[in-house]
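Architecture and fold: a report
Chain by chain, the residues run as shown.
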Amino acid sequence: MQTKKSKRILPRSAVLTLLLLVAAGLSISAFSLALSGWNGVSWAGNPTLFFWNTLPVFLLLGLIWLASGQAWLACLVTGALIFLLTGANYFKVMFRDDPMLWEDLFRMREGLQMSDQYQVALTPMMFLWIGVIVAATVVLFFLGRGRPKATLRLLALTAVGMVSLVCFDYVYPDDQRYTALAGEHAQDEREAYAATGVVYPFFHSAGDYLSSSSSYDERAARQTYNQYTDGVIPPEKKVNLISIQMEAFADLSLYDIDGLSPEVYRDFHELQAESYSGTLITDIFAGGTTETEWAVLTGGNQHGDFKTKTDSVAWYLKSQGYTANGSHPCRDWFYDRKHVNPNLGLDDYLFTDNYYYQFIEEGEDVAYDEVFFPDLQQRLTEYFNTNDAPLFSFNVTYQGHGPYNMERTYWGDSYCTGDYSQSTLNALNNYFYLVQDSSAYMKSFTQYLDSLDEPVVLLLYGDHKPWMGNHGVIYEGMGISLDTTTEEGFRNYYSTWYMIWGNQAAKDLLGQDFQGQGPDLSPCFLMNEVFELIGWEGSAYMQAQRETAHTLPVLHTTGWAEENGVLTPTPSPAAQARMEEFQNLSTYDRTRFE
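In short, a report on the structure. Just so you know, these numbers come straight off a predicted model, no measurement behind them. (Residues numbered from 1 in each chain as written. Predicted model: local features only at pLDDT ≥ 70, side-chain atom pairs only at ≥ 80, totals over all residues. Heavy atoms only, no water.)

1. Looking at the packing of helix α1 (residues 14-34) against helix α2 (residues 47-68)
Helices that pack against each other are described as a pair by the angle of their axes relative to one another and the distance between those axes. Between α1 and α2, whose axes approach to 9 Å, the crossing angle comes to 135°. The orientation of α1 relative to α2 falls into the category oblique. In the packing of α1 onto α2, the handedness of the crossing is right-handed. In contact with Ala-14, Thr-17, Leu-18, Leu-21, Val-22, Gly-25, Leu-26, Ile-28, Ser-29, Ala-30 and Leu-33 of α1, α2 contributes Phe-50, Asn-53, Thr-54, Val-57, Phe-58, Leu-61 and Trp-65. Looking at the contact of α1 with α2 residue by residue, the class counts come to 13 nonpolar, 5 polar and no charged. (Axes fitted to C-alpha atoms, helices over the stretch in contact; angles between N-to-C directions. Helix = DSSP H or I, 4+ residues; strand = E, 2+ residues; numbered from the N terminus. Parallel < 35°, antiparallel > 145°, perpendicular 65-115°, else oblique. Left-handed = near helix turned anticlockwise from the far one by under 90°. Contact = heavy atoms within 4.5 Å. Nonpolar A, V, L, I, M, F, W, Y, C, P; charged D, E, K, R; others polar.)

Below is the structure:
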């Protein structure tokens, strides 16, 4: 008698599958939390924080499982997404001391591009985590085949979806809960993030991002805005305006840096003495160039996606008969400038892709100051010889971009000879060479402008502090505090500089010497300062924001403000109200433009 071979039947228990998914979710969350710390700050095993970090993991597992019926797919997708989120946060904090926020999702291409410039190496724990995700996926593929019956599954999917929406809309954006769980670290965004995990603070940042537009009062903003009309620039004040944003250029001579050569900042300081200069308090550190760039152009410190025409200084000056263009010797897709800049009123913008490629080696992405400044000088000469319209030129350099090699020096080791570790000295010498070289080009450029009969006002400023090692290790080695809960650390972290310089033709025409000490400013108020110095009334929006610029000249996205000459993290109720009014007005100006 022949016996039939028995066929192995894999278990299809929904209960077993659910238990395996729970185990997978707990493992995914545990690994994420294990990689969430920063600078000695962590979630510290708080059960409440474990729950709030794990809940989104369970909800995502449930949604995918119930929708697809495949538990292994739910494990693989959820594990991969949380791994990528945690890894992105880990390396972003390492390289820039800045956590992974919801808004960073819209800049993934830039993040991937920048990662090529840093040493991104997975840790042993990351490899272990990948192994666990793969193993859990395999186990669920064979043992997790159970699922609820159709009706129960549909009801469960609806319930999980509703819970997810409630959590996303109401639970995770709750500032009071977040502050309470962050405890003593609540005043510092980086510490608060590290103290509450990764998944929980990431979804909290989504609430912050979305709520910035939900509180918008269009009617109130319109009433304020309609009190003003665009000013007209009289012919006798139509000077050419050139703006150059200097990448990662900071005056580190303000600190007591051992062995810093006086030659490094000599040209820079001489140019400062010839200019109206002051401190710029930016909203970024070591990256995020366009935050400063767009703040200067638009007069706002919170930005949309610029998918449509958006009000800017360029549009206003074009309405006054100006030509508006500019250049950035880098790729046009970076921060989507190729599409953003025309919507900000900047025509015929020059990038590596459409212009600078001819000056650099094939395959290179950027041109440095040795190309940028002489070329700008040549193009200005050509423009002034062939055009009668005044010019607004908005430019962004690349030369100072980090990281700065810590293994060797490229241009010698005489720029800084202090008593520091060799890796710190290498990075400092590489950075200070770039500073000295850029300073010489800036100085030479002003000498060229001074030789012109055309009146030119030049705006120069730094976009952010330079990257100096993972977790700011080089700043730490130089004794420079980056503790943003204190005024000293806050200024060290966010401050750069600005100069407003005029050539002799502009000085003669305007009766303005363009010298002296300017106030501390947020980038969104910088163009207003330029316009006032020149004697331009400006657009309706610039006039409407001017009182805020005078009373709260520093208005930071973290909540700090300069009130009555004092920089504080806790502005008065009156200042808070003015800050909200400014954001309301800024949103209206950004969205009403046609």
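2. Things to note about unusual backbone geometry
A cis geometry characterises the amide bond from Gly-402 onward to Pro-403, with omega recorded as 0°. Relative to the elements of secondary structure, Pro-403 occurs in the loop between β4 (391-396) and α16 (422-450). At Asp-348, a residue that is not glycine, the phi angle is positive and equals roughly 50°. Take Asp-348: it is sitting in the loop between α14 (337-343) and α15 (369-386).

3. Some points on the environment of Phe-334
Along the polypeptide, Phe-334 turns up in the loop between β3 (323-327) and α14. The exposure class of Phe-334 is buried, given its relative accessible area of 7%. The sequence separation of Phe-334 and Phe-168 amounts to 166 residues, and the corresponding C-alpha distance is 30 Å. (Buried < 20%, exposed > 50% of the residue type's maximum accessible area, 1.4 Å probe, protein only.)

4. With respect to the pairing of strand β1 (residues 240-246)
For β1, a buried count of 7 out of 7 residues is recorded, marking the element as mostly surrounded by other parts of the structure. Where burial is concerned, the two faces of β1 agree: the one with Asn-240, Ile-242, Ile-244 and Met-246 and the one with Leu-241, Ser-243 and Gln-245 are both buried. Where β1 lies against strand β5 (residues 456-462), 7 bridges are found, and the strand directions are parallel. The partner of Gln-245 across the bridge, within β5, is Tyr-461. Bridge count between β1 and β4: 5 bridges; the pairing is parallel. Within the sheet, the bridge partner assigned to Ile-244 lies in β4 and is Asn-395. (Pairing = 2+ DSSP bridges.)

5. Topic: the packing of aromatic side chains
Applying the stated rule across the entire model yields 51 aromatic pairs. Here Phe-285 and Tyr-493 contribute two aromatic rings whose centre-to-centre distance is 4.1 Å and whose plane-to-plane angle is 15°, an arrangement assigned as stacked. Here Phe-285, found in the loop between β2 (276-278) and α12 (289-298), pairs with Tyr-493, found in helix α18 (residues 487-494); they are 208 residues apart in sequence, far enough to count as distant. The burial state of Phe-285 is the same as that of Tyr-493; both residues are buried. Judged by centre distance (4.2 Å) and plane angle (15°), the ring pair of Trp-411 and Tyr-433 falls under stacked. Here the residue Trp-411 occupies a position in the loop between β4 and α16, and Tyr-433 occupies one in helix α16, the gap between them amounting to 22 residues. Overall, Trp-411 belongs to the partly exposed group, its relative accessible area being 38%. Three or more aromatic residues joined by ring pairs make a cluster, and in this case those are Phe-51, Trp-52, Trp-102, Phe-168, Tyr-172, Tyr-178, Tyr-200, Phe-202 and Phe-203. In this structure, Arg-145 packs its charged tip against the face of Phe-141, placed 5.1 Å from the ring centre. (Phe/Tyr/Trp six-rings, centres within 6.5 Å; stacked < 30°, edge-to-face > 60°. Lys NZ or Arg CZ within 6 Å of the ring centre and 35° of its normal.)

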